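Spelled out, the chains give:
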Amino acid sequence: MTKCHATTVACAALISLSFNAAGQDSESVAPTVRDGSPQPGAKATIRHPGSTTARQGGVGPQSSVAVPAGAAAVRSPGTTSPPQPGTSARDAASQTQLDALQAPVLDRVNYYRALAGLPPVAAEPRLLQAAQSHSSYLDSANQMGHYEDKKTNPYYTGNSPFDRIDAARYDYAEAGEVVARQPSSHPAAAVDALMSAVYHRFIILSPDFVQAGPGVALKAHQGTDELNVTVDFGAETLPPLPPPSVLTVYPADTQIGIPIDFDPAEESPNPMPGHTLVGYPISIQVDARHAFAVESFELYEVAPNTPRRALEAKLLTHAVDAETPAHAAALIPVSPLASSTIHEVVFSGSVNGVPVSMTWQFATAPEQTVTMSFASPTVAPGGKQQVTLDGLDSEKGPYYLCYAPARLVKSLVHETETQIAMTTTTDCDPNSSCQVSVSASYRSCAKPFAGGTFTIAQ
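Residues numbered from 1 in each chain as written. Predicted model: local features only at pLDDT ≥ 70, side-chain atom pairs only at ≥ 80, totals over all residues. Heavy atoms only, no water.

## Looking at the confidence of the model for the protein
What counts is decided by this rule: pLDDT is a per-residue confidence score from the predictor, ranging from 0 to 100. Strands are runs of DSSP state E lasting at least two residues, helices are runs of H or I lasting at least four, and both sets are numbered from the N terminus onward. What makes two residues a contact is simply this: any of their non-hydrogen atoms within 4.5 Å.
Here the protein averages 85 in pLDDT, and 85% of its residues register 70 or above. Within the protein, strand S2 (residues 12-15) has the poorest average pLDDT of any element, 31, and strand S17 (residues 313-316) the best, 98. Predicted confidence is poor over residues 4-40, with pLDDT under 50, and the contacts of this stretch with residues over four places away or in other chains come to 136 contacts. With pLDDT under 50 throughout, residues 81-94 is counted as low confidence; its partners more than four residues away or in other chains account for 23 contacts.

Below, the structure is given as structure tokens:
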């Protein structure tokens, strides 16, 4: 259900967000003295989260996720074939080849832009060069953020996003950058994480970007993986200005399967300091070239035959939060949303002084339980155990099967995505029993979604 009102132009409910940073790239704190920054009035600054509050920016865990001591992990094969570069209309149009890691990033970006009613961004070779160099730098330097300080690093191409895009000779009218580090081998998962992070979502769904370059570095170590993803956006010529009545919202009207929560500590800057787990952010904005004002912005939980219930949420506007651009606003629920529930959003404000209002609904994803079972609670030393996962969501990509202690498992083979064969060692004391713990996680061995134990005994 969507209700929109504007006094001059019909209101369109687009499913997205857009962003022009309120601050300047030159205000950000870099690890070293920045070189090559744009001079005031010379060129638009490159937008990125953290530019207005002296933060490095980025999305990912506070520290790298590692396999616990004494444990091991094996990645599942996944159920989808890796994308082949140069096979989509996007690549044919741009004549820019993307590899099997870069292509799913841009495809996922354009998936969200399509939900938003926005045109896709086309792969651009100079932005691709800048982004890939930065992801490779972050991977090799074990860093996250928008700035580089190791000039001797072979992937160093500039301290700031401006330096790197300028070095690639991309003559932009507007440009932006997002970065993420994720303990995963699934590039699309990094884009999902960026979309959950409201400041980064603003940039991904900006309507004034028409080109992009995705850079991806994947590091594998002892069965775990870590992705460093950079997406540089730009426009050499700005697209036509949308009507002021176009309100861009996310989640979209009638959209289903929305996540229920978000960990704000994984976004830098943190939009909800002092909170550990909050509800999925809701956003609204207009094109940055319009003046935007919020009168009210409210979130409700809707159930059949009962009055709607107002949910407590933090309102982010530029007046109270420097990282929220002047043409946008966001609601972040202070608690995770209920699963399998319809939520209603009610907004009123003005664009260029013209009153606008909008009401829309979305539904959260059902609670999905994955169970792990074993063919037998006990196996003999050197014997075989069959592990089965039921309820697995294949759309989330490959997962990791973690086990401990590793010395008690001789081999682990994924016969299918949900059927795993484990062969035990003979290291268990024959006069006692040994327990093997097994868990499944999308983030190396952190935050498992299923698990169990079995025993090795004579």
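## Here's the deal with helix H2 (residues 102-115)
Put simply, the rule is: A helix is expected to reach a length of 1.5 Å times the quantity of its residues less one. Under the scheme applied here, a residue whose accessible area is under 20% of the maximum for its type counts as buried, over 50% as exposed, and between as partly exposed, the area being computed with a 1.4 Å probe on protein chains only.
With 14 residues, H2 extends 21 Å from end C-alpha to end C-alpha; this agrees with the ideal 20 Å at 1.5 Å per step. Taken together, the buried positions of H2 are occupied by Gln102, Ala103, Pro104, Val105, Leu106, Val109, Asn110, Tyr112 and Arg113. Directly beyond the C-terminal end of H2, a positive phi value near 80° is found at Gly117.

## Quick notes on the environment of Val438
With respect to the helices and strands, Val438 occurs in strand S27 (residues 434-441). Taking the relative accessible area as the measure of exposure, Val438 reaches 3% and is therefore buried. In this structure, the C-alpha to C-alpha distance between Val438 and Val387, residues 51 residues apart in sequence, is 9.1 Å.

## What to know about the side chain of Ser133
Definition in use: N or O atoms within 3.5 Å of each other form a polar contact, as long as, within protein, one can give a hydrogen and the other can take it, and as long as residues adjacent in sequence are counted only when both atoms are side-chain atoms.
With respect to the element layout, Ser133 can be found in helix H3 (residues 125-141). Given the relative accessible area of 17%, Ser133 is considered buried. Polar contacts involving the side chain of Ser133 include one to the main-chain carbonyl oxygen of Gln129, which spans 3.0 Å. Residues in contact with Ser133, not counting those within four places in the same chain, are Tyr155 and Thr157.

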